[in-house]
Amino acid sequence: MTGLKRQTIVIAGGGTAGWSAAAAMGKVLGKAFKISLVESEQIGTVGVGEATIPAIQTFNKVLGIDEFQFMKETNATIKLGINFENWLEEGHSYFHSFGRTGLDHWALGFQHFWLAASERGLTEKTFWDFSPETIAAMSNKCSPSLAYAFHLDSSKYAGFLREFAEKHGVSRIEGKIEDVELDPSNGEIACLHLEDGTQVKGDFFIDCTGFRALLIGEALGVEYVDWSDMLFCDRAIAVQTDLLGPPIPYTRAMAHDAGWQWKIPLQNRVGNGIIYSSDHLEDDKALERLLANIDTEPRTNPNFIKFRPGMRQKQWHKNCAAIGLSSGFLEPLESTSIHLIHFNILRLIRLLPLSLTNERAVNEFNEQIFGELETIKDFLVLHYWKNNRQGDAFWDRCRSVKVSKTLDERVNLFQETGTLFRNLEELFSENSWVQVLMGQGVIPNSQHPVAANMDESSLVKLLNGLFDTTHRNNSAFDSHEHFLTTSFGKHDAA
């Protein structure tokens, strides 16, 4: 084994995807392979992936990244969940929190106990009154005991990861890719030709070239699976504004008649954007709407982004794997983009054979990712499909969408019985599904027999005890602003 030639992995493209791959591979595979990254300063990145989910902590732990340093370097704030405003109907809002709500029994989720008490008039409290993360978010508080993710500056995050990767032996090559050369004997990628004449040869290539997908799409011809028949938004515009007060510990997702708008607070600014369907709103009207709903004058020029919801038919083909936007994109609704980057990198590292080529490993990688994207797609579709917004062509169209059999059966089972089943490998927890289902107006018609037959005094005691504990703990939490200052060294960098 010691006499084996040290093979080369080439990462094409920087940004969050490229430098995440470089950081992880440099840390884990740096002694086994030579790793280089090719990027051009001439090419900008999309750079609007500013919200994450708690799974980012797994990636940080795998790399041994210090959370204090990570938050300081990326101007990060805490994210306890997403507040969905006007999604079910105008004036209605609900919170999708991380963590757990109430207390589950092994045979049934907490929603059954809450439903049983509500139906019998034993409580006027909402389901979300028993969610520690929701209560903290709405009172602008935070604690290390809560389940949290981050809002971050994606450009600074890429820079942070670049420094980490270079410390672990990854070499950066400056240059714009002009051509991708294939090996005529097997159709694999042999070399990247840069504009200045440089040739970058490798044994394995990772495509992080964004929507263009120079390697996996243009060179290798892997087709794109289009999901725009279920997810109708295909445009986004992003701008940054000044932060006027203490940053809140959650993302705001505000529905409008042709899509939705986001607000993401960092330590030093706010990320704003509008997502919309070009079939229902023109670009200039979308920009006008966005600018009318921000708190200060923009500090950046509007960033217009066109996308097509979907994914590559294969994420790993021959000697190339796609990571990030080159592999596909659904939409930013539940902040899954950075998660998919990280976990596809970790999957690739776990499956990467010594020879860099193995048909079983390639098939397993592709099947795992396709399965995960299918469930994420269903979860996103749910937000649009179950709405009561009347008179908006976009939302009327969303209600009539033909959803997958899996989603249809899952929703109907929940509506009829209050029970939700999911694959244990799925990204979103049962609590996430329950919050969004009930937030979007899908209220179960019945409860589990255990909850339905529970005596009133026991049911009241259970709910009151959970409510009191949740709110008592919340009263001891720091404000989000104080938490950032004391725990993560909040600063006022530009």
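Calculation notes
Residues numbered from 1 in each chain as written. Predicted model: local features only at pLDDT ≥ 70, side-chain atom pairs only at ≥ 80, totals over all residues. Heavy atoms only, no water. Helix = DSSP H or I, 4+ residues; strand = E, 2+ residues; numbered from the N terminus. Buried < 20%, exposed > 50% of the residue type's maximum accessible area, 1.4 Å probe, protein only. Contact = heavy atoms within 4.5 Å. Salt bridge = Lys/Arg side-chain N within 4 Å of Asp/Glu carboxyl O. Arc of directions from axis to C-beta. Polar contact = N/O pair within 3.5 Å; in protein donor to acceptor, adjacent residues only side chain to side chain. Disulfide = S-S within 2.5 Å. Axes fitted to C-alpha atoms, helices over the stretch in contact; angles between N-to-C directions. Parallel < 35°, antiparallel > 145°, perpendicular 65-115°, else oblique. Left-handed = near helix turned anticlockwise from the far one by under 90°. 1 Å grid on protein atoms, 1.4 Å probe; cavity = no way out; pocket = protein on both sides within 12 Å on 5 of 7 lines; lining within 4 Å. Points joined across faces, edges and corners; volume = space filled by probe spheres on them. Nonpolar A, V, L, I, M, F, W, Y, C, P; charged D, E, K, R; others polar. Pairing = 2+ DSSP bridges.

Enquirer: Any details on the environment of Gly13? Residues and values, ideally.
Expert: Structurally, Gly13 can be placed in the loop between β1 (8-12) and α1 (15-29). Of the residues examined, Gly13 reaches a relative accessible area of 12% and is grouped as buried. Spatially, the C-alpha atom of Gly13 lies 9.2 Å from that of Lys176, the residues being 163 residues apart in sequence. Contacts of Gly13, omitting those with residues within four sequence positions, involve Gly18, Leu37, Val38, Glu39 and Cys208.

Enquirer: Run through the pattern of salt bridges, naming residues and quoting values.
Expert: If the charged atoms of two oppositely charged side chains come close together, the side chains can form a pair. As enumerated under the stated definition, the model contains 23 salt bridges in all. Of the charged contacts, one joins Asp257 and Arg289 as a salt bridge, the two residues approaching to 2.6 Å between their closest N and O atoms. In this pair, Asp257 sits in the loop between β15 (251-256) and β16 (259-265) while Arg289 sits in helix α8 (residues 283-292), placing the two residues 32 residues apart along the sequence. Residue classification places Asp257 among the partly exposed residues on the basis of a relative accessible area of 33%. Residue Arg289 is classed as partly exposed on the basis of its relative accessible area, which comes to 25%. Residue Glu426 pairs with Arg410 through a salt bridge whose shortest N-O separation is 2.7 Å. Taken as a pair, Glu426 in the loop between α12 (405-417) and α13 (430-439) and Arg410 in helix α12 lie far apart in primary sequence, 16 residues in all. No difference in accessibility class separates Glu426 from Arg410, as the two residues are buried.

Enquirer: Lay out helix α3 (residues 67-74) with the relevant residues and their values.
Expert: Turning to α3, its buried residues number three or more, namely Phe70, Met71 and Thr74. Buried residues along α3 cover an arc of 90 degrees about the axis, so they all sit on one side. Its side-chain oxygen placed 3.3 Å from the backbone nitrogen of Phe68, Asp66 serves as the N-cap of α3. A positive backbone phi angle near 55 degrees is found at Asn75, which sits one or two residues after α3.

Enquirer: Tell me about the state of the cysteines, and name the residues and values.
Expert: In total, this model carries 0 disulfides according to the counting rule given. Unpaired in this structure, Cys320 has its nearest cysteine sulfur neighbour in Cys208, at a distance of 9.1 Å. Summary of cysteine pairing: Cys398 is not part of a disulfide, and the nearest cysteine sulfur, belonging to Cys233, is at 7.0 Å.

Enquirer: Go over the packing of α1 against helix α6 (residues 154-167), please, and point to the residues and values.
Expert: Running from N to C, α1 and α6 cross one another at 25 degrees; their axes reach a closest spacing of 8 Å. As judged from the angle between their axes, α1 and α6 are roughly parallel. As for the relative orientation of α1 and α6, their crossing is left-handed in sense. In this structure, α1 contributes Gly15, Thr16, Trp19, Ser20, Ala22, Ala23 and Lys27 to the contact, and α6 contributes Ser154, Tyr157, Ala158, Leu161, Arg162, Phe164, Ala165 and Glu166.

Enquirer: Quick rundown of unusual backbone geometry? Include the residues and the values.
Expert: Backbone geometry at Asn140 places phi at a positive 60 degrees, although glycine is not the residue there. Relative to the helices and strands, Asn140 is located in the loop between α5 (132-138) and β6 (141-142). Not every positive phi belongs to a glycine, and Lys318 is a case in point at roughly 55 degrees. A relative accessible area of 34% means that Lys318 is categorised as partly exposed.

Enquirer: Which residues make up the layout of surface pockets, and what are the values?
Expert: Approximately 540 Å³ is the volume found for the second largest pocket. Along the wall of the second largest pocket there are 18 residues; nearest its centre are Phe343, Arg347, Gln368, Glu372 and Glu425. Among the elements of the structure, α9 (337-351) and α10 (359-385) are those that each provide at least two residues to the lining of the second largest pocket. Looking at the lining of the second largest pocket, the element that brings in the most residues is α9, giving 7 residues. Here the residues of the lining of the second largest pocket sort into 8 nonpolar, 5 polar and 5 charged.

Enquirer: Explain the sheet that holds strand β21 (residues 320-322) to me, and be specific about the residues and the numbers.
Expert: Taken together, 6 strands build an open sheet; the order of strands is β8-β2-β1-β12-β21-β20 and the sheet is mixed. Looking along the sheet, the strands with just one partner apiece sit at the ends: β8 (171-174) and β20 (316-317). Two strands pair when backbone bridges link them, and strand β2 (residues 34-39) and β8 are joined in this way by 4 bridges, in the parallel orientation. Paired with Glu39 across the two strands is Glu174, which belongs to β8.

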